[in-house]
Amino acid sequence: MAFKPLHDRVLVRRVESEEKTSGGLIIPDTAKEKPQEGEIVAVGAGARDEDGDRIAPDVKAGDRILFGKWSGTEITLDGEELLIMKESDILGIMESGKAA
């Protein structure tokens, strides 16, 4: 994919949600909400502060994130639906493999 976000923007691929509820009921496509979880595909170089110095982003490609319901702008690249959003729209990074 030949796309690099600018400044403090990130490119995100939505992670598909479960097809069933915890009780085993199958959720039809028409009743599903778009997932608010995704994987970072690409990251811009970062915003600039008042002095012109670059502020490095807190996320990197491959991070699994949570974002707001109405965050980002939907685009299609190479036939795949992706989101472009500002880093400030990201609510948090999901850390896997950690013991509870």
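Note on numbering: residues in each chain are counted from 1, in written sequence order. Side-chain atom pairs in this predicted model are given and counted only at pLDDT of 80 or more, local residue features only at pLDDT of at least 70, and totals for whole chains, interfaces and linings cover all residues. Think of the side-chain values as coming from all heavy atoms in the structure, minus any hydrogens and water.

Draft legend 1. Region of interest: a negative patch on the surface. Note on patches: the residues involved have over 30% relative accessible area and no salt bridge, like charges join within 9 Å, and the nonpolar side chains Val, Leu, Ile, Met, Phe, Trp and Tyr join within 5 Å. Where accessible areas are quoted, they stem from the Shrake-Rupley method and a 1.4 Å probe; at the residue level, only the protein chains shown are allowed to cover. Put simply, a salt bridge is a Lys or Arg side-chain nitrogen that is within 4 Å of an Asp or Glu carboxyl oxygen. Counted charges follow a simple rule, with Lys and Arg positive, Asp and Glu negative, and His plus the chain ends left uncounted. Charged side chains are reduced to one point each, which is NZ for Lys, CZ for Arg, CG for Asp and CD for Glu. Taken together, D49, E50, D51 and D53 make up a surface patch of like negative charges. Relative to the elements of secondary structure, D53 occurs in the loop between β3 (47–48) and β4 (54–55). Comment: elements are numbered from the N terminus, with helices defined as DSSP H or I runs of at least four residues and strands as E runs of at least two.

Draft legend 2. Looking closely at the sheet that holds strand β8 (residues 90–94). The six strands are arranged β6-β7-β1-β2-β5-β8 in an open sheet whose pairing can be described as antiparallel. Because the sheet does not close on itself, it has two edges, and the strands there are β6 (73–77) and β8. Each neighbouring strand pair of the sheet contributes to a mean axis angle of 45°, computed without reference to strand direction. Here a strand pair is declared whenever DSSP counts at least two bridges between the two strands. Across five bridges, the pairing between β6 and strand β7 (residues 80–86) is antiparallel. Its bridge partner being in β7, T73 is matched across the sheet by I84. Helix axes are fitted to C-alpha atoms over the stretch in contact, other axes to C-alpha atoms as well, and angles between N-to-C directions run from 0 to 180 degrees.

Draft legend 3. Main features of the pattern of salt bridges. For the structure on display, the rule yields four salt bridges. Between E80 and R13 there is a salt bridge; the shortest N-O distance is 2.5 Å. Highlighted residues: E80 in strand β7 and R13 in strand β1 (residues 9–14), separated in sequence by 67 residues. Here R13 falls in the partly exposed class, since its relative accessible area comes to 28%. When the shortest N-O distance is used, the salt bridge between E37 and R64 registers 2.8 Å. Here the residue E37 occupies a position in strand β2 (residues 37–43), and R64 occupies one in strand β5 (residues 64–67), the gap between them amounting to 27 residues. Burial classes follow relative accessibility: with a 1.4 Å probe on protein chains only, a residue under 20% of its type's maximum area counts as buried, one over 50% as exposed, and anything between as partly exposed.

Draft legend 4. Spotlight on unusual backbone geometry. Unusually for a residue other than glycine, H7 sits at a positive phi of about 55°. Inspection of the secondary structure puts H7 in the segment before β1. For D78, which is not glycine, the phi dihedral falls at a positive 50°. Here D78 is to be found in the loop between β6 and β7. By relative accessible area, which is 67% here, D78 ends up exposed.

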